[in-house]
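Here are the chains, one letter per residue:
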Amino acid sequence: MNHAHLDDILYPPIEPYETGELLVGEGNRVYWEQSGNPQGKPVVFLHGGPGGGTAPWHRRFFDPEVYRIVLFDQRGCGRSTPHAGDPDADLRHNTTWHLVADIDLLRRTLGIDRWMVFGGSWGSTLALAYAEAHPHTVSELVLRGIFTLRAHELEWFYEGGASALFPDLWEQFIAPIPVLERARMIEAYHRRLSDPDPAVHGPAGLAWTRWEASTVTLLPDAELVESMSDPASATAFARIENHYFLNRGWLREGQLIADVGAIRHIPGVIVQGRYDVCTPMMTAWDLHRAWPEAEFVMVPDAGHSAAEPGIAAALRAATDRFAASGGGADSE
Ligand code: STX
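What counts, and where the lines are drawn
- Residues numbered from 1 in each chain as written.
- Predicted model: local features only at pLDDT ≥ 70, side-chain atom pairs only at ≥ 80, totals over all residues.
- Heavy atoms only, no water.
- Helix = DSSP H or I, 4+ residues; strand = E, 2+ residues; numbered from the N terminus.
- Rg over C-alpha atoms; globule rule 2.2 N^0.38 Å.
- Contact = heavy atoms within 4.5 Å.
- Areas by Shrake-Rupley, 256 points an atom, 1.4 Å probe, with all protein chains shown as cover.
- Lys, Arg positive; Asp, Glu negative; His and termini not counted.
- Charge placed at Lys NZ, Arg CZ, Asp CG, Glu CD.
- Pairing = 2+ DSSP bridges.
- Axes fitted to C-alpha atoms, helices over the stretch in contact; angles between N-to-C directions.
- Near = heavy atom within 4 Å.
- Polar contact = N/O pair within 3.5 Å; in protein donor to acceptor, adjacent residues only side chain to side chain.
- Nonpolar A, V, L, I, M, F, W, Y, C, P; charged D, E, K, R; others polar.
- Buried < 20%, exposed > 50% of the residue type's maximum accessible area, 1.4 Å probe, protein only.
- Arc of directions from axis to C-beta.
- Disulfide = S-S within 2.5 Å.

## Looking at the overall build of the chain
Scanning the chain from terminus to terminus reveals eleven helices and eight strands. Taking 20 Å as the expected radius of gyration for a compact globule of 332 residues, we find that the chain reaches 19 Å, a close match to that expectation. Overall, the C-alpha framework of the chain stretches about 60 × 45 × 40 Å when taken along its three principal axes. In the chain, 74% of the contacts between residues at least 6 apart in sequence involve partners at least 24 apart. Working note: accessible area of the chain is about 13200 Å², and carbon and sulfur atoms make up 55% of it. Treating the 26 positive side-chain charges of the chain as one cloud and the 44 negative ones as another, the clouds have centres 4 Å apart.

## Focus: the sheet that holds strand E2 (residues 28-36)
Sheet architecture is open: eight strands sit in the order E1-E2-E4-E3-E5-E6-E7-E8, paired in mixed fashion. This sheet does not close on itself; its edge strands, each paired only once, are strand E1 (18-25) and strand E8 (295-299). Neighbour-to-neighbour, the strand axes of the sheet open up by a mean angle of 20°, direction not taken into account. Judged from the four bridges that link them, strand E6 (residues 138-144) and strand E7 (residues 268-273) form a sheet pairing that is parallel. The residue of E7 that forms the bridge with Val142 is Val269. The strands touched by helix H10 (residues 281-290) are E6, E7 and E8; relative to E7, the strand with the most contacts, the crossing angle is about 155°.

## Describing the site of the ligand
As a structural note, the neighbourhood of the ligand is formed by Gly48, Gly49, Ser121, Trp122, Tyr158, Glu212, Val216, Met228, Glu241, Phe245, Cys278 and His304. At a separation of 2.9 Å, an oxygen atom of the ligand approaches a polar backbone atom of Trp122. Look at the ligand: alone it shows 380 Å² of surface, and the protein chains cover 87% of it. Its residues placed into classes, the shell around the ligand shows six nonpolar, four polar and two charged.

## Some points on H10
Listed in full, the buried residues belonging to H10 are Met281, Thr283, Ala284, Leu287 and His288. The arc that holds the buried residues of H10, viewed along the axis, is 160°, so those residues lie on one side. Residues of H10 that are buried make contact with helix H2 (122-133), E6, helix H3 (151-158), helix H9 (255-258), E7 and E8.

## Observations regarding the state of the cysteines
Applying the stated criterion to the full structure yields zero disulfides. No disulfide involves Cys77; its nearest neighbouring cysteine sulfur is the one of Cys278, lying 16 Å away.

## What to know about the environment of Tyr158
Inspection of the secondary structure puts Tyr158 in helix H3. In sequence terms Tyr158 and Gly268 are 110 residues apart; their C-alpha atoms lie 29 Å from each other. Residues in contact with Tyr158, not counting those within four places in the same chain, are Trp170, Phe173, Met185, Ile186, Trp208, Trp211, Glu212, Glu241 and Phe245. A polar contact is formed between the side chain of Tyr158 and the side chain of Glu212, at a distance of 2.9 Å. A polar side-chain atom of Tyr158 sits 3.1 Å from a polar atom in the side chain of Glu241.

## Considering the side chain of Glu153
Looking at the secondary structure, you find Glu153 in helix H3. Excluding residues that lie within four positions of it along the chain, Glu153 makes contacts with Phe147, Thr148, Met282 and Thr283.

See below:
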């Protein structure tokens, strides 16, 4: 993806000062890295998908003089192993609650008492799940493109709603699925994505992933679509997302918004693009109504991606504001 436009909005590119692998159980190794100020205010970045992985530009939302920036690739994707793109990938030990436990194990391994939790899209889902389970470890929440995995959110994107806006791309999304199976797209895709034969899971992974990559920006971003189109990462992204959505994230319907009382005391910012087609604003609005203490920032000319200029600016403003309010690794 081309991020030249972000040079005027985000912090300059930086490299990690430390990287490592966390053994989280069942043979899974989770890649993590730290950048910025080793004595700074800790923040953990939760990437999207699930299955998306982190990228170097994700470090750039945080002032490197102020923040101790922790990025990690969730189980099965990015630089974590085993990789869900492998033909015989086994996702039984990859659920929301495994990831929540992994986040807290990483926190304790790094010797951090409390950290800011920053997540967009699926990263916002995971941030809410983590914070509601471990509220005492979270100093602030910065959430973008709110997604809570309710049935109508999944139906909107995968069962026809968004086809009203992207009928041309929807045609490509449904192409690998025979007509008689199209009433239940998530299940139909699951059958193909779990097939070990690359001739079966390969085209399905590509079509699933390209549907999302082509609809997450306000205007088409060919480089984003290309960057997600290599077979291993497209398969991993599609398999992990589809597995989570088939299982409704192992959440009760509406759980993350219903349980927001556990985190309403935590300073929070909700950033949402008006023209977000992947995770439409209805969910951010429902969260805002349930959690009125959090600052709600609606960006009127943006879609879903964190790289949209208005979204990136709002996210940086949020981390800058919390940086100014202080708080090192051990402060309250
Ligand atoms: N998935 C939403 C999500 O987390 C339903 C997400 N959407 N697009 C992305 O992540 C990428 C930017 C990784 C394509």
